[in-house]
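Each chain, letter by letter, is given below.
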Amino acid sequence: MRFRTKSSHVIDLVFPIALFFVFAASCLSVLILAANIYASTTHRLAANDENRMVLSYISEKIRQNDTEGAIRLSTIDGTDCLTMSAVYNGTPCTTYIYEYEGMLKELFINDGVPVSLKSGKNIMEISSLSMEQLEDHVYQFTSVDSEGTESSLIASERSVP
């Protein structure tokens, strides 16, 4: 009777090591793809939030200042402004909301004081904002985010006569 001795081949060592490296490379490539997808999705959501926040802010300001004839669009130094008039403690005041040098700005000022667009309070960064009056007391605001996506809001005064 002959006993067989176990002979070892190089492939017995190389195959498991090669299989391990293929598995590790696959895991690494899946992780890199997932990280890229997550980063691009997060970036797009942040840009979309920029548009929604700008339009929500404008909508809320219109609702806060919605009195008969108080809201209108105006142009100051070539810049479109949402203009809202009110009387505070017996003093007539005006609030301007506009885009200036890449920022959404708000300027609250007493009537009769010269308006300087630089003086407005920075609200948030914005790529572009356009304003248009569609009908009496109906306005359209269009915001473009940093990705170039355009969003619009159509708002109207509720206190129309």
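Brief notes about the sheet that holds strand β6 (residues 128-135)
Then comes step 1: Pairing is antiparallel across the open sheet formed by three strands, whose spatial order is β6-β7-β8. Single-partner strands in this sheet number two, and they are β6 and β8 (150-156). With direction set aside, neighbouring strand axes in the sheet form an average angle of 20°.
Then comes step 2: The pairing of strand β7 (residues 138-144) with β8 spans seven bridges and is antiparallel. Following the sheet pairing, Ser143 is matched in β8 by Ser151.
Then comes step 3: Lying on the sheet, helix α1 (residues 11-64) is in contact with β6, β7 and β8; it crosses β8 at an angle near 10°.

Re the side chain of Ser74
Then comes step 1: Take Ser74: it is sitting in strand β1 (residues 71-76).
Then comes step 2: Apart from the residues lying within four places of it in its own chain, the contact partners of Ser74 are Thr79, Asp80, Cys81, Thr83 and Tyr96.

Points about the side chain of Lys105
Then comes step 1: Secondary-structure assignment places Lys105 in strand β4 (residues 103-110).
Then comes step 2: Buried and unpaired, Lys105 has no salt bridge, with Glu101 as the nearest side chain of opposite charge at 5.9 Å.
Then comes step 3: A polar contact of 3.4 Å, which involves the side chain of Lys105, links it to the backbone oxygen of Lys118.
Then comes step 4: Apart from the residues within four sequence positions on either side, Lys105 is in contact with Tyr96, Ile97, Tyr98, Tyr100, Leu117, Lys118, Gly120, Lys121, Asn122 and Ile123.

Some thoughts on the nonpolar core
Then comes step 1: Core analysis: the biggest nonpolar cluster contains 18 residues, and Ile58, Leu82, Leu104 and Phe141 have the highest contact counts within it.
Then comes step 2: Looking at this core, the elements with two or more residues in it are α1, β2 (79-88), β6, β7 and β8.
Then comes step 3: Top element by residues in this core is α1. It accounts for five residues.
Then comes step 4: With sequence-adjacent residues up to four places away left out, Leu104 is seen in contact with Val54, Tyr57, Ile97, Tyr98, Lys121, Asn122, Ile123, Met124, Ile126 and Leu129.
Then comes step 5: Counting residues in hydrophobic clusters, the runner-up holds eight residues, among them Tyr98, Leu107, Ile109 and Leu117.

Conventions and cut-offs
Residues numbered from 1 in each chain as written. Predicted model: local features only at pLDDT ≥ 70, side-chain atom pairs only at ≥ 80, totals over all residues. Heavy atoms only, no water. Pairing = 2+ DSSP bridges. Helix = DSSP H or I, 4+ residues; strand = E, 2+ residues; numbered from the N terminus. Axes fitted to C-alpha atoms, helices over the stretch in contact; angles between N-to-C directions. Contact = heavy atoms within 4.5 Å. Buried < 20%, exposed > 50% of the residue type's maximum accessible area, 1.4 Å probe, protein only. Lys, Arg positive; Asp, Glu negative; His and termini not counted. Salt bridge = Lys/Arg side-chain N within 4 Å of Asp/Glu carboxyl O. Polar contact = N/O pair within 3.5 Å; in protein donor to acceptor, adjacent residues only side chain to side chain. Core = buried A, V, L, I, M, F, W, Y, C linked by side-chain atoms within 4.5 Å.

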